[in-house]
Amino acid sequence: LGGVVAQEVVKISGKFTPIPGWLHVNAIEALPDDLPYDCAPKGCRYDNLAAVYGHGFIEKLSNLRHFMVGCGALGCEFLKNYALNGVCCGEKGL
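Treat the numbers as computed from the prediction; the structure is a model and nothing was measured.

## Observations concerning the layout of surface pockets
Unfilled space is identified by rolling a water-sized probe across the atoms.
Piece 1. Roughly 150 Å³ of internal volume is contained in the largest pocket.
Piece 2. In terms of lining, the largest pocket is formed by Leu49, Tyr53, Phe57, Leu61, Phe78, Asn81, Tyr82, Asn85 and Val87.
Piece 3. When residues of the lining of the largest pocket are traced back to their parent elements, those giving at least two are α2 (47-53), α3 (55-62) and α4 (73-85).
Piece 4. Ranked by the residues each element gives to the lining of the largest pocket, the list is headed by α4, at 4 residues.
Piece 5. Tallied by class, residues from the lining of the largest pocket come to 7 nonpolar, 2 polar and no charged.

Below you can see the structure in the form of structure tokens.
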């Protein structure tokens, strides 16, 4: 009950409001210099990633063998991103 009351007090008081704005991340250095030769869509779930890095890179990601220890708040997000990008999900992966 105390958590709900505290939440309502914070909403009503207006003291703690989020900062309005946009987050823009520029990571041009992560892009390859040349367009990969194997970037044509194959109808798989990783076509968006392959359009930038190529299917060879996707295969390397899927065959990685990583083990993550201590999946708390940050580790949980890493695991989610690994799963969404197919890391360690190949035949030779874990």
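From this point, the discussion proceeds with the structure in view.
## Remarks on α3
Because an α-helix completes one turn every 3.6 residues, residues spaced three or four positions apart along the sequence face the same direction.
Piece 1. Every buried residue belonging to α3 is among His55, Ile58, Leu61 and Ser62, and all of these are buried. Burial along α3 is one-sided: seen end-on, the buried residues are contained in an arc of 110°. Exposed residues pointing more than 90 degrees away from the buried face of α3 are listed as Glu59 and Lys60.
Piece 2. On the buried face of α3, the contacting elements are α2 and α4.

## A short note on a nonpolar patch on the surface
Piece 1. A contiguous nonpolar surface patch, about 340 Å² in accessible area, is contributed by Leu1, Val5 and Val9.
Piece 2. Here Val5 shows up in helix α1 (residues 2-13).

## Considerations on the pattern of salt bridges
Piece 1. Tallied over the full model, the rule gives 1 salt bridge.
Piece 2. The salt bridge involving Lys80 is made with Glu77; its shortest N-O contact spans 3.0 Å. With Lys80 and Glu77 both in helix α4 and 3 residues apart, the pair spans about one turn of that helix.
Piece 3. By relative accessible area, Glu77 is classed as partly exposed at 39%.

The rules behind the values
Residues numbered from 1 in each chain as written. Predicted model: local features only at pLDDT ≥ 70, side-chain atom pairs only at ≥ 80, totals over all residues. Heavy atoms only, no water. 1 Å grid on protein atoms, 1.4 Å probe; cavity = no way out; pocket = protein on both sides within 12 Å on 5 of 7 lines; lining within 4 Å. Points joined across faces, edges and corners; volume = space filled by probe spheres on them. Helix = DSSP H or I, 4+ residues; strand = E, 2+ residues; numbered from the N terminus. Nonpolar A, V, L, I, M, F, W, Y, C, P; charged D, E, K, R; others polar. Buried < 20%, exposed > 50% of the residue type's maximum accessible area, 1.4 Å probe, protein only. Arc of directions from axis to C-beta. Contact = heavy atoms within 4.5 Å. Patch = residues over 30% accessible without salt bridge, like charges linked within 9 Å, V, L, I, M, F, W, Y side chains within 5 Å. Areas by Shrake-Rupley, 256 points an atom, 1.4 Å probe, with all protein chains shown as cover. Salt bridge = Lys/Arg side-chain N within 4 Å of Asp/Glu carboxyl O.

Any link to function would need more than the numbers given here.
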